[in-house]
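Residues per chain are reported as follows:
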Amino acid sequence: MDNAEHMQLIYVILAAAVATFLTRIGGYVMITQMKRIPPRMEAALNAVPAAVLSTLVAPAFFSGGWEVALAMLVALAVGLRFSSLWMLLAGWLVVMAIRHVLI
Amino acid sequence: MTKDDFWQGVRGGFPVMVSAAPFGALFGALAVDNGFSVFDAVFMSATVYAGASQMVGLELFGHNVQPWLIILSIFAVNFRHILYSASIARHIRHFSGVQKFFAFFLLVDPQYAETEKRAERGEPVTFAWYLGFGLVIYLPWQLMTLLGAIFGQMIGDPKAIGLDVLLPIYFMGLVLGFRKRDNWLPVVAVSSLASIAAMHFVGSPWHVSIGAIAGILLAACLPLSKRHEEPVTLEHEV
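Residues numbered from 1 in each chain as written. Chains lettered and ligands numbered in written order. Predicted model: local features only at pLDDT ≥ 70, side-chain atom pairs only at ≥ 80, totals over all residues. Heavy atoms only, no water.

## Structural notes on the overall build of chain A
Part 1 of the argument: A count of helical and extended segments in chain A gives 4 helices and 1 strand.
Part 2 of the argument: Secondary structure elements of chain A, listed N to C terminal, follow the sequence α-β-α-α-α.
Part 3 of the argument: Scaling as 2.2 N^0.38, a compact globule of 103 residues should have a C-alpha radius of gyration of about 13 Å, whereas chain A reaches 20 Å, well beyond that.
Part 4 of the argument: Principal-axis analysis of the C-alpha atoms gives chain A an extent of 60 × 45 × 20 Å.
Part 5 of the argument: Of all 103 residues assigned to chain A, the portion counted as buried reaches 50%.
Part 6 of the argument: Within chain A, the 4 negative side-chain charges are centred at a point lying 22 Å from the centre of the 6 positive side-chain charges. (Helix = DSSP H or I, 4+ residues; strand = E, 2+ residues; numbered from the N terminus. Rg over C-alpha atoms; globule rule 2.2 N^0.38 Å. Buried < 20%, exposed > 50% of the residue type's maximum accessible area, 1.4 Å probe, protein only. Lys, Arg positive; Asp, Glu negative; His and termini not counted. Charge placed at Lys NZ, Arg CZ, Asp CG, Glu CD.)

## Quick look at the interface of chain A and chain B
Part 1 of the argument: Between chain A and chain B, the contact holds 65 residues from the first and 85 residues from the second.
Part 2 of the argument: Interface area, chain A with chain B, both sides summed: about 7,000 Å², of which 76% is carbon and sulfur.
Part 3 of the argument: Of all residues in chain A, the largest losses of buried area upon contact with chain B belong to Arg24(A), Tyr28(A) and Leu56(A), amounting jointly to 11% of the total for that side.
Part 4 of the argument: The tally of links from chain A across to chain B stands at 1 salt bridge. (Contact = heavy atoms within 4.5 Å. Buried area = accessible area lost by both parts, 1.4 Å probe. Salt bridge = Lys/Arg side-chain N within 4 Å of Asp/Glu carboxyl O.)

## What to know about the domain arrangement of chain B
Residues and elements named next belong to chain B.
Part 1 of the argument: Taken domain by domain, chain B comprises domain 1 (2-153) and domain 2 (179-238).
Part 2 of the argument: Here the C-alpha centre of domain 2 lies 25 Å away from the C-alpha centre of domain 1.
Part 3 of the argument: Taken together, the contact pairs 9 residues of domain 1 with 7 residues of domain 2.
Part 4 of the argument: Buried area between domain 1 and domain 2, summed over both chains or domains, comes out near 750 Å², and the portion from carbon and sulfur atoms is 68%.
Part 5 of the argument: In terms of surface lost to domain 2, no three residues of domain 1 exceed Gln66, Leu69 and Arg90, which account for 43% of the buried area on that side.
Part 6 of the argument: The interface formed by domain 1 and domain 2 holds 0 salt bridges in total.
Part 7 of the argument: Viewed at the interface, domain 2 and domain 1 are joined by 0 residue pairs in polar contact (both at pLDDT 80 or more).
Part 8 of the argument: Looking at the side of domain 1 that touches domain 2 element by element, the count peaks at 3 residues for helix H4 (residues 67-77).
Part 9 of the argument: Here the residues of the side of domain 1 that touches domain 2 are counted per class, giving 4 nonpolar, 3 polar and 2 charged. (Domains from an automatic or database assignment. Polar contact = N/O pair within 3.5 Å; in protein donor to acceptor, adjacent residues only side chain to side chain. Nonpolar A, V, L, I, M, F, W, Y, C, P; charged D, E, K, R; others polar.)

## Here's the deal with the layout of surface pockets
Part 1 of the argument: What the second largest pocket holds in volume is close to 530 Å³.
Part 2 of the argument: Of all the secondary structure elements, the ones that give two or more residues to the lining of the second largest pocket are helix H2 (39-63) of chain A together with helix H1 (2-33), helix H3 (51-62), helix H9 (166-177) and helix H11 (204-221) of chain B.
Part 3 of the argument: A per-element tally of the lining of the second largest pocket places H2(A) first, with 5 residues.
Part 4 of the argument: Residues belonging to the lining of the second largest pocket are distributed by class as follows: 12 nonpolar, 8 polar and 4 charged. (1 Å grid on protein atoms, 1.4 Å probe; cavity = no way out; pocket = protein on both sides within 12 Å on 5 of 7 lines; lining within 4 Å. Points joined across faces, edges and corners; volume = space filled by probe spheres on them.)

## Looking at the packing of helix H1 (residues 3-33) of chain A against H4(B)
Part 1 of the argument: Two elements in contact, H1(A) and H4(B), have axes whose closest approach is 9 Å; the angle formed by their N-to-C orientations is 30 degrees. Relative to H4(B), H1(A) is oriented roughly parallel. Helix-helix and strand crossings are classified by hand; for H1(A) and H4(B) the assignment is right-handed. Across the interface between the two elements, Gln8(A), Val12(A), Ala15(A), Ala16(A), Ala19(A), Thr20(A) and Thr23(A) of H1(A) pack against Pro67(B), Ile70(B), Ile71(B), Ile74(B) and Phe75(B) of H4(B).
Part 2 of the argument: Classifying every residue of the contact of H1(A) with H4(B) by side-chain character gives 9 nonpolar, 3 polar and no charged. (Axes fitted to C-alpha atoms, helices over the stretch in contact; angles between N-to-C directions. Parallel < 35°, antiparallel > 145°, perpendicular 65-115°, else oblique. Left-handed = near helix turned anticlockwise from the far one by under 90°.)

## Observations concerning the environment of Ala119(B)
Part 1 of the argument: With respect to the element layout, Ala119(B) can be found in helix H7 (residues 109-120).
Part 2 of the argument: As a C-alpha pair, Ala119(B) and Leu163(B) span 44 residues in sequence and 41 Å in three-dimensional space.

## Quick notes on helix H4 (residues 84-102) of chain A
Part 1 of the argument: With 19 residues, H4(A) extends 26 Å between its outermost C-alpha atoms, agreeing within 8% with the 27 Å of an ideal straight helix rising 1.5 Å per residue.
Part 2 of the argument: Residues of H4(A) that are buried: Met87(A), Leu88(A), Ala90(A), Gly91(A), Val94(A), Val95(A), Met96(A), Ile98(A) and Arg99(A).
Part 3 of the argument: Looking at the packing, one finds that the buried side of H4(A) touches helix H3 (66-79) of chain A together with H1 and H9 of chain B. (Expected span 1.5 Å × (residues − 1).)

## Some words on a nonpolar patch on the surface
Part 1 of the argument: Nonpolar side chains collect at one region of the surface, where Trp68(B), Leu72(B), Phe201(B), Val202(B), Trp206(B) and Ile210(B) lie side by side and expose about 650 Å² of accessible area between them.
Part 2 of the argument: Looking at where Trp68(B) falls in the secondary structure, it is placed in helix H4. (Patch = residues over 30% accessible without salt bridge, like charges linked within 9 Å, V, L, I, M, F, W, Y side chains within 5 Å. Areas by Shrake-Rupley, 256 points an atom, 1.4 Å probe, with all protein chains shown as cover.)

## A look at the confidence of the model for chain A
Part 1 of the argument: Per-residue pLDDT for chain A has a mean of 88; in total, 95% of the residues score no lower than 70.
Part 2 of the argument: Within chain A, strand S1 (residues 36-37) of chain A has the poorest average pLDDT of any element, 68, and H3(A) the best, 96. (pLDDT = per-residue confidence, 0-100.)

## Topic: unusual backbone geometry
Residue and element names in this part refer to chain B.
Part 1 of the argument: Positive phi, normally seen in glycine, also occurs at tyrosine 49, with a value near 50 degrees.
Part 2 of the argument: Mapped onto the elements of the fold, tyrosine 49 is located in the loop between helix H2 (38-47) and H3.
Part 3 of the argument: The backbone phi angle of asparagine 183 is positive, close to 55 degrees, even though this residue is not glycine.
Part 4 of the argument: Along the chain, asparagine 183 turns up in the loop between H9 and helix H10 (184-201).
Part 5 of the argument: Given the relative accessible area of 26%, asparagine 183 is considered partly exposed.

In structure tokens, the structure reads:
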């Protein structure tokens, strides 16, 4: 990263910090201003995290190589029953086993 | 009394801190892997202080996504906090302005959940308790980021130790965590497919916003579940 890029990173982090703080104070401000949230808007807001995060998962399944795809499938199966720490461990073990033992 | 409350908060937050610590270290290591310096990593943990969105931010920064989209994505991932702060408003009404500032800054998921639980049990939500609970998570989060970042610097090829697989799986875990929500499966399916298609036809940074917008629009258009039929009044919750 050169200097200009690094300064940009610092600005992005600062802006992200402000944006995050706005979400943390936003509900408090809103509740003293606004009487109701329209139900369709609430439904849309409820979908935001799953929608955004899915776009970070799905493409990686196809672009990371077959061992990453397999690790993600195993992690998905683990994640249906166990916490995300176990998902990470299972997926990591699959990738490491394939990269260092099979290949 | 105040001192007791503070230490009660510290004890309550301790298990949360232990379970969050590996993620702090993971963030530090991945941040360095994505081109952050050790300082940048700790700077982000200290100012943004929202694990999932920090991961999203460094993933997008690593892909040279436009700054506005990075900030918007972090905003979107953290959007749930708006509901938290609306909901705890009734419990922290007695805090002073400065206390409210710190309270909102420290408002992470477990902080919200514990504040609600404490209020439900009828125990007083004092600032001392809130601060004790918050700091025992906040301060180690910085230390773990630092340790993770220093460790990350020593790694030559992140692929050789399997670091590259951790972020997508971490995000997958977050997606799964929302699976109780209305229309979760259709939203995830549509956002996934749209992002893959957008990645293919439009190109890298845009697949995030295109995929996200597709899922959000779908959620807004799908039939509303029963509990949404009545317009939700925030007021009666207060």
